[in-house]
Amino acid sequence: NVRGSVNLANIDTFARSAHYPPCMKVLHSKLTDNHHLRHFGRLQYGLFIKGIGLNLEESMSFWKRKFAGKINGEKFDKEYAYNVRHSFGKEGKRTDYTPWSCSKIISQIPGSGEYHGCPFKYFKDETLSDFLTKKYDIQSRNLLEIMEKKREGAAQVACIKLWDATHKIDTKDNVGNHPNAYFSCSLQSAEE
Ligand code: SF4
């Protein structure tokens, strides 16, 4: 069971692993380094971690802990807790929001100091190639193929190629369409 297997104690390990798609790896590491993410980054990443199994209570603790290096608990409760509750449908219109799909993420245009969106779309070529080399164990032949797709503007195909290069099995329903599918198929592949 994928849901429930991720928790506060192991999410940092998951985020460093090849289970995480690039868009979420970037957000997790910026959040960890900067103790902060701007609004759309919190939204994109918050809904992803909700989708991989963190409940409201765990999500709240997660954000609070990550922000703690910069923002104290009182300020967090005042300025940030509402949005976490909101994404779980506990405030405002009470919509229980679902994690963003790739097409929604790819359509985002992150400004300076923002890290949401899809790295296959908005990273510069050298930055992406450097990032993939450091964060995923891929061979240069595969990297070249991924970069070729990225340059052609085919972000989702590039992402599928990364998945193929880092996983042994071919069962990958919806990988390239949804970051949560990327993660759950990856966990399944590790179990097989
Ligand atoms: Fe994330 Fe989708 Fe972009 Fe892959 S294609 S990095 S899963 S938004």
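Before reading further, recall that the structure is shown in the block above.
Reading guide: rules and limits
Residues numbered from 1 in each chain as written. Predicted model: local features only at pLDDT ≥ 70, side-chain atom pairs only at ≥ 80, totals over all residues. Heavy atoms only, no water. Near = heavy atom within 4 Å. Nonpolar A, V, L, I, M, F, W, Y, C, P; charged D, E, K, R; others polar. Helix = DSSP H or I, 4+ residues; strand = E, 2+ residues; numbered from the N terminus. Contact = heavy atoms within 4.5 Å. Polar contact = N/O pair within 3.5 Å; in protein donor to acceptor, adjacent residues only side chain to side chain. Core = buried A, V, L, I, M, F, W, Y, C linked by side-chain atoms within 4.5 Å. Buried < 20%, exposed > 50% of the residue type's maximum accessible area, 1.4 Å probe, protein only. Salt bridge = Lys/Arg side-chain N within 4 Å of Asp/Glu carboxyl O.

**What to know about the site of the ligand**
All residues adjacent to the ligand are P21, P22, C23, C102, I105, C118, F120, C159 and P179. For the shell around the ligand, the per-class residue count stands at nine nonpolar, no polar and no charged.

**Some details on the environment of K121**
On the secondary structure map, K121 appears in helix α8 (residues 119–122). Each C-alpha atom, one on K121 and one on A158, is 9.8 Å from the other, the two residues being 37 residues apart in sequence. If near-sequence neighbours (up to four positions away) are discounted, K121 is found in contact with I106 and A155. Engagement of the side chain of K121 in a polar contact is seen with the backbone oxygen of I106, the distance being 3.3 Å.

**Points about the nonpolar core**
Ranked by size, the top nonpolar core spans 51 residues in total, and within it Y20, Y45, I49, W63, F120 and L132 carry the most contacts. When neighbours within four sequence positions are excluded, F120 is seen to be in contact with P22, L128, L132, I146, K150, A155, A158, C159 and L162.

**Observations regarding the environment of Q188**
Here Q188 shows up in helix α12 (residues 179–191). For Q188, a relative accessible area of 37% puts it in the partly exposed group.

**Quick look at the pattern of salt bridges**
Counted under the stated rule, the structure contains twelve salt bridges. A salt bridge links D77 to K64; the shortest N-O distance between them is 3.0 Å. Of this pair, D77 sits in helix α5 (residues 73–79) while K64 sits in helix α4 (residues 56–67), placing them 13 residues apart in sequence. Look at K64 and you get partly exposed, because its relative accessible area is 31%. The salt bridge involving K161 is made with E145; its shortest N-O contact spans 3.6 Å.

**Section: unusual backbone geometry**
Here the phi dihedral of H35 falls at roughly 55°; this positive angle occurs in a residue that is not glycine. By the secondary structure assignment, H35 is in the loop between α2 (22–34) and α3 (39–51). For H35, a relative accessible area of 27% gives the class partly exposed. Of note in the backbone geometry, N174 takes a positive phi value of approximately 75° without being a glycine.

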